[in-house]
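Here is what each chain is made of, one letter per residue.
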Amino acid sequence: MQLEYFRFLIPGWHDLIEIVIVAFIIYRVLVFLAGTRALQILVGLVILALAYFAALALKFNMIATLLGVVFTYGAFAAIVVFQPELRHALARLGRSRAVDFFSSTIEHDLADEVAEAVERLARTGTGAIIAVERDVALSDFIESGTEMRAAVSADLLTTIFTPYSPLHDGAVIIRGDQIVAAGCVLPLTQFPVADKSLGTRHRAALGLSEETDAVVVVVSEETSAISLASRGLLQRGLTPVQVREVLSGRSALTLASAPGTGEAATS
């Protein structure tokens, strides 16, 4: 008798576990979409779905037919219109916590050279943007600039960003222990930035960090402030020592400031 009782409960526990799993997935999706335009799109789709079922229940055939057409072809339109958001979401989804920002360290001498370079650039008020490639390849952005193969050094980085030099306006991309390109064009962030004073360099740093797992260091030409972008977040007002600690993995600096917050900066 007890055995039959437990057999009766097994399907119930199975369904309960399934419900918990589905609820957790839905919760993680909502957390994943929080603060993005994709969440607004999801809310709009839910409203349209409710309107569609209400039209069916009330026998409003014309409205139901029109909404059915919207659901049929709307998915293709959404892919085209919201391509940046989808690309950003897929890039974030493909990143494993096992290869997160602080899980693997960059060579200490590379961090030292970059930190020394940004210290010199900040001291002279020279604008700069330096992207350090990680697991996601930056090949498409390398092609937009001038390819080169040179060991990373503070002297070379400082020279590249010297005002009026041919490559000073673009970004430098570092792969491993080499500078592989300079004068590169990076994508600007597609999300609203609260601080309208953020210039092109900071927006480009955010844009690249949204699409890839690159770490981007920016020196403001206007304020000489040093910033660091990673995972779509921008940490501002750093010191060269902090940049060195973060790049070398010796400091778990939390990139918790929202894009566009903090002191004013321009490109």
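Relevant structure appears above.
Just so it is clear, the model here is predicted, and its values are computed rather than measured. (Residues numbered from 1 in each chain as written. Predicted model: local features only at pLDDT ≥ 70, side-chain atom pairs only at ≥ 80, totals over all residues. Heavy atoms only, no water.)

### Considerations on the nonpolar core
Line of reasoning, step 1. Within the largest apolar cluster, 27 residues are counted, with the highest numbers of intra-cluster contacts made by Val-114, Leu-157, Val-172, Ile-174 and Ile-226.
Line of reasoning, step 2. Listing elements by their share of this core, those giving two or more residues are helix H5 (108-124), strand E1 (128-132), helix H7 (154-160), strand E3 (171-175), strand E4 (178-184), strand E5 (215-219), strand E6 (226-230) and helix H9 (240-248).
Line of reasoning, step 3. Per element, the largest residue contribution to this core is seven residues, and it comes from H5.
Line of reasoning, step 4. For Ile-174, the contacting residues outside a window of four places in its chain are Leu-110, Val-114, Ile-130, Ala-131, Val-132, Glu-133, Val-152 and Ile-179.
Line of reasoning, step 5. With 21 residues, the next largest nonpolar core counts Ile-129, Val-180, Val-218 and Ala-229 among its residues. (Core = buried A, V, L, I, M, F, W, Y, C linked by side-chain atoms within 4.5 Å. Buried < 20%, exposed > 50% of the residue type's maximum accessible area, 1.4 Å probe, protein only. Helix = DSSP H or I, 4+ residues; strand = E, 2+ residues; numbered from the N terminus. Contact = heavy atoms within 4.5 Å.)

### Some words on the pattern of salt bridges
Line of reasoning, step 1. Tallied over the full model, the rule gives six salt bridges.
Line of reasoning, step 2. Here Glu-116 makes a salt bridge to Arg-120, at a shortest N to O gap of 2.5 Å. In this pair, Glu-116 and Arg-120 are both assigned in helix H5, four residues apart and thus about one turn of the helix distant.
Line of reasoning, step 3. Overall, Arg-120 belongs to the partly exposed group, its relative accessible area being 24%.
Line of reasoning, step 4. Linking Glu-221 and Arg-201 is a salt bridge whose minimum nitrogen-to-oxygen distance equals 3.4 Å. With Glu-221 in the loop between E5 and E6 and Arg-201 in helix H8 (residues 200-211), the pair connects residues that are 20 residues apart, well separated along the chain.
Line of reasoning, step 5. With relative accessibility at 8%, the residue Arg-201 sits in the buried group.
Line of reasoning, step 6. Shared partners join several salt bridges into a network, and the residues in it are Glu-116, Arg-120 and Asp-155. (Salt bridge = Lys/Arg side-chain N within 4 Å of Asp/Glu carboxyl O.)

### A word on H8
Line of reasoning, step 1. Here H8 is twelve residues long and its end C-alpha atoms lie 16 Å apart, about the 16 Å a rise of 1.5 Å per residue gives.
Line of reasoning, step 2. Buried within H8 we find Arg-201, His-202, Ala-204, Ala-205, Leu-206, Gly-207, Leu-208, Ser-209, Glu-210 and Glu-211. (Expected span 1.5 Å × (residues − 1).)

### Quick word on the packing of aromatic side chains
Line of reasoning, step 1. Here the structure, examined in full by the defined rule, presents one aromatic pair.
Line of reasoning, step 2. Look at Tyr-52 and Phe-53: their rings are 5.6 Å apart centre to centre, the planes differ by 65°, and that puts the pair in the edge-to-face class.
Line of reasoning, step 3. Judged by its relative accessible area of 55%, Phe-53 falls in the exposed class. (Phe/Tyr/Trp six-rings, centres within 6.5 Å; stacked < 30°, edge-to-face > 60°.)

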